[in-house]
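Structural overview
For reference, the chains in residue letters:
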Amino acid sequence: EDQVTQSPEALRLQEGESSSLNCSYTVSGLRGLFWYRQDPGKGPEFLFTLYSAGEEKEKERLKATLTKKESFLHITAPKPEDSATYLCAVQATGNNRKLIWGLGTSLAVNP
Amino acid sequence: KAGVTQTPRYLIKTRGQQVTLSCSPISGHRSVSWYQQTPGQGLQFLFEYFSETQRNKGNFPGRFSGRQFSNSRSEMNVSTLELGDSALYLCASSHDRDQPQHFGDGTRLSIL
């Protein structure tokens, strides 16, 4: 069965303290892996799409990487405004293209 | 460029009633997907519409239905509401199914 697991469930960092969030997936074939950020009371905001192992994408303090079994979202020198829930979703190959979502990692960055 | 717009933002209903939620996608986007989000289950896929046709459906009972209009706007309907239907309902649009989805801020539905 296709599955996405995110860890840790929650993470608290001090401002400037770098860390990584993990997204492990099990799918028959990967078409794409998506990272989103969700603020309280808002819908998820698209961050990155990764398609193949070895691919990396960067945006400001965030960098996403992909292997054949997992993806990491690296946060370098985070600021309080990076506090949010980070969601990972995978899309499998085949006719059924619906996204399978992880439960997210809730990140809090203290000043 | 305007984002995905969902109305209403908040809704309070009682058990047994029905509700209709509305979604206006980003201009030019023809694919619209609906999700239910709850703290314990995360985002659960309801259905996807493309060019007025339901292209994919999640594992929800028949009380949940949707449609898409010729201008790509979409509605979802939930009949005979149950307490467990309390959730944030999110709409997302994209050019097509392999493109990133962009979300609205959702409709918060509370069932009393």
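Relevant structure appears above.
Residues numbered from 1 in each chain as written. Chains lettered and ligands numbered in written order. Predicted model: local features only at pLDDT ≥ 70, side-chain atom pairs only at ≥ 80, totals over all residues. Heavy atoms only, no water.

Points about the overall build of chain B
A count of helical and extended segments in chain B gives zero helices and 11 strands. Taking 13 Å as the expected radius of gyration for a compact globule of 112 residues, we find that chain B reaches 13 Å, a close match to that expectation. Projected onto its principal axes, the C-alpha coordinates of chain B cover approximately 40 × 25 × 25 Å. Partitioning the intrachain contacts of chain B with sequence separation of at least 6 by distance along the chain shows that 54% fall at a separation of at least 24. When the accessible surface of chain B is totalled, it reaches about 5,300 Å², and 46% of it is carbon and sulfur. Across chain B, the centroid of the 12 positively charged side chains sits 4 Å from that of the 8 negatively charged ones. (Helix = DSSP H or I, 4+ residues; strand = E, 2+ residues; numbered from the N terminus. Rg over C-alpha atoms; globule rule 2.2 N^0.38 Å. Contact = heavy atoms within 4.5 Å. Areas by Shrake-Rupley, 256 points an atom, 1.4 Å probe, with all protein chains shown as cover. Lys, Arg positive; Asp, Glu negative; His and termini not counted. Charge placed at Lys NZ, Arg CZ, Asp CG, Glu CD.)

A word on the pattern of salt bridges
Scanning the model with the defined rule gives 12 salt bridges over all chains in all. One salt bridge connects D82 of chain A with R61 of chain A, and the closest N-O pair in it is separated by 2.8 Å. With D82 of chain A in the loop between β8 (70-75) and β9 (84-92) and R61 of chain A in the loop between β6 (56-59) and β7 (62-66), the pair connects residues that are 21 residues apart, well separated along the chain. For D82 of chain A, a relative accessible area of 6% puts it in the buried group. One salt bridge connects E75 of chain B with R73 of chain B, and the closest N-O pair in it is separated by 3.5 Å. Owing to a relative accessible area of 17%, E75 of chain B belongs among the buried residues under this scheme. Judged by relative accessible area, which is 25%, R73 of chain B ranks as partly exposed. Through salt bridges with shared partners, a single ionic network connects E48, R55 and D96 of chain B. (Salt bridge = Lys/Arg side-chain N within 4 Å of Asp/Glu carboxyl O. Buried < 20%, exposed > 50% of the residue type's maximum accessible area, 1.4 Å probe, protein only.)

Looking at the state of the cysteines
Counted according to the given criterion, the structure contains two disulfides over all chains. Two residues share a disulfide in this structure: C23 of chain A and C88 of chain A, whose sulfurs sit 1.9 Å from each other. Between C23 of chain A and C88 of chain A, the S-S dihedral sits near -60°, and the bridge is therefore left-handed. Linking C23 of chain A in strand β3 (residues 19-26) with C88 of chain A in strand β9, this pair joins segments that are 65 residues apart in sequence. You can call C23 of chain A buried: its relative accessible area is 0%. Residue pairing for C23 of chain B: its cysteine sulfur links by disulfide to C91 of chain B, the two sulfurs lying 1.8 Å apart. Taking the torsion about the sulfur-sulfur bond, which here is approximately -60°, the covalent link between C23 of chain B and C91 of chain B counts as left-handed. You can see C23 of chain B sitting in strand β3 (residues 19-24) and its partner C91 of chain B sitting in strand β9 (residues 87-94), a full 68 residues away along the chain. With respect to burial, C23 of chain B and C91 of chain B carry one shared label: buried. (Disulfide = S-S within 2.5 Å.)

Focus: the packing of aromatic side chains
Here the distance between the centres and the angle between the planes together describe a pair of aromatic rings. For the coordinates displayed, the defined rule picks out nine aromatic pairs over all chains. Centroid distance W101 of chain A to F103 of chain B: 5.8 Å. Interplanar angle 80°. Geometry classified as edge-to-face. In this pair, W101 of chain A is assigned in strand β10 (residues 99-101) and F103 of chain B in strand β10 (residues 102-103), connecting two distinct chains. Residue classification places W101 of chain A among the buried positions, given a relative accessible area of 8%. Taking the relative accessible area as the measure of exposure, F103 of chain B reaches 10% and is therefore buried. Ring centres of Y35 of chain B and F103 of chain B lie 5.6 Å apart, and the angle between their planes is 40°; on these two criteria the pair is classed as tilted. Of this pair, Y35 of chain B sits in strand β4 (residues 31-38) while F103 of chain B sits in strand β10, and the two are 68 residues apart along the sequence. Each member of the aromatic cluster is reached from another via a ring pair, and the members are Y36, F46 and W101 of chain A together with Y35, F45 and F103 of chain B. (Phe/Tyr/Trp six-rings, centres within 6.5 Å; stacked < 30°, edge-to-face > 60°.)

Don't take any of this as a statement about function, it's just geometry.
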